[in-house]
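Residues per chain, in single letters:
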Amino acid sequence: MHTLSRLTDEQLVAQYAKGTNEAFDALLLRHKTNLFGYIIQRVKDRDLADDIFQETFVKAITTIRQGRYNEEGKFSAWICRIARNLIVDYFRQEKTEASVSTDDGTVDILNRKELADETVEDAIIDLQIEEDVRRLVGQLPQEQRRVLEMRYYEGLSFKEIAEQTGVSINTALGRMRYAILNMRRIARERNVVLSR
């Protein structure tokens, strides 16, 4: 397991596809905190987040075992996409169940958009915005993208980012500033709306 932790995600996926179960354990260990945080931030319920988290990894295992994993991108983005799709499916199912009329034909006056914390439409829009943000992040120069990912997706402090990237805190802050400015510029050029 110790030597596996040095492998890249793609190497671990390849090892797991060949039957090395420990390779998947290493992937799970590496990504579980970020993935669970991603899920719970959207569903706001620990039990539901646990269910979706487990289902995400079951789908990942099945896909890899069947030889259908052929991602060009990063494993972390792929696993988040699986989770996002499961979340959207859950909200769609909830909406369908909530809109079923009662037997006696009365209208549920509490089942209204303005009384809900978040509707399925809001959730889907939020997920689309997040997808747009990820695309914009992908357009950034490597150094800016790395700082932004470390700060927002990995939750590191600027001190930790500086240490891990071998630059000063001011340089890390500067890269973050330029990353945000560049994302705003790219969003404007492409008419991408980043709020609902």
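Notes on the structure in this doc start here.

1. Side note on the environment of Ile186
(1) Moving on: Looking at the element boundaries, Ile186 is found in helix α8 (residues 169-189).
(2) Moving on: A sequence separation of 46 residues divides Ile186 from Leu140, and the C-alpha atoms of the two residues are 9.2 Å apart.
(3) Moving on: Setting aside residues up to four positions removed in sequence, Ile186 forms contacts with Leu136 and Gln139.

2. Topic: the pattern of salt bridges
When the charged atoms of two side chains lie near each other, side chains of opposite charge can form a pair.
(1) Moving on: Per the counting criterion, the structure on display carries 7 salt bridges.
(2) Moving on: For Asp9, the salt bridge identified is with Arg30, shortest N-O distance 2.7 Å. Of this pair, Asp9 sits in helix α1 (residues 9-17) while Arg30 sits in helix α2 (residues 21-43), and the two are 21 residues apart along the sequence.
(3) Moving on: Among the residues examined, Arg30 registers a relative accessible area of 32% and is labelled partly exposed.
(4) Moving on: One salt bridge in this structure joins Glu143 and Arg175, with 3.4 Å as the shortest N-O distance. Here Arg175 lies in helix α8 and Glu143 lies in helix α6 (residues 142-153), a separation of 32 residues in the sequence.
(5) Moving on: Arg175 gets classed as buried once you look at its relative accessible area, which sits at 17%.

3. Some points on a negative patch on the surface
(1) Moving on: Taken together, the side chains of Asp45, Asp47, Asp51 and Glu55 define an acidic patch exposed on the protein surface.
(2) Moving on: For Asp47, the position within the fold is in helix α3 (residues 46-65).
(3) Moving on: On the basis of relative accessible area, Asp47 is assigned to the exposed category, the value being 56%.

4. Overview of the packing of α1 against α3
(1) Moving on: As a packed pair, α1 and α3 sit with axes 9 Å apart at the nearest point and diverge in direction by 70°. As the angle between them shows, α1 and α3 are arranged roughly perpendicular. Judged by the sense of rotation from one axis to the other, the crossing of α1 with α3 is right-handed. Contacts between α1 and α3 pair Val13, Tyr16 and Ala17 from the former with Ile61, Ile64 and Arg65 from the latter.
(2) Moving on: When the residues that make up the contact of α1 with α3 are grouped by side-chain class, the tally is 5 nonpolar, no polar and 1 charged.

About the criteria used
Residues numbered from 1 in each chain as written. Predicted model: local features only at pLDDT ≥ 70, side-chain atom pairs only at ≥ 80, totals over all residues. Heavy atoms only, no water. Helix = DSSP H or I, 4+ residues; strand = E, 2+ residues; numbered from the N terminus. Contact = heavy atoms within 4.5 Å. Salt bridge = Lys/Arg side-chain N within 4 Å of Asp/Glu carboxyl O. Buried < 20%, exposed > 50% of the residue type's maximum accessible area, 1.4 Å probe, protein only. Patch = residues over 30% accessible without salt bridge, like charges linked within 9 Å, V, L, I, M, F, W, Y side chains within 5 Å. Areas by Shrake-Rupley, 256 points an atom, 1.4 Å probe, with all protein chains shown as cover. Lys, Arg positive; Asp, Glu negative; His and termini not counted. Charge placed at Lys NZ, Arg CZ, Asp CG, Glu CD. Axes fitted to C-alpha atoms, helices over the stretch in contact; angles between N-to-C directions. Parallel < 35°, antiparallel > 145°, perpendicular 65-115°, else oblique. Left-handed = near helix turned anticlockwise from the far one by under 90°. Nonpolar A, V, L, I, M, F, W, Y, C, P; charged D, E, K, R; others polar.

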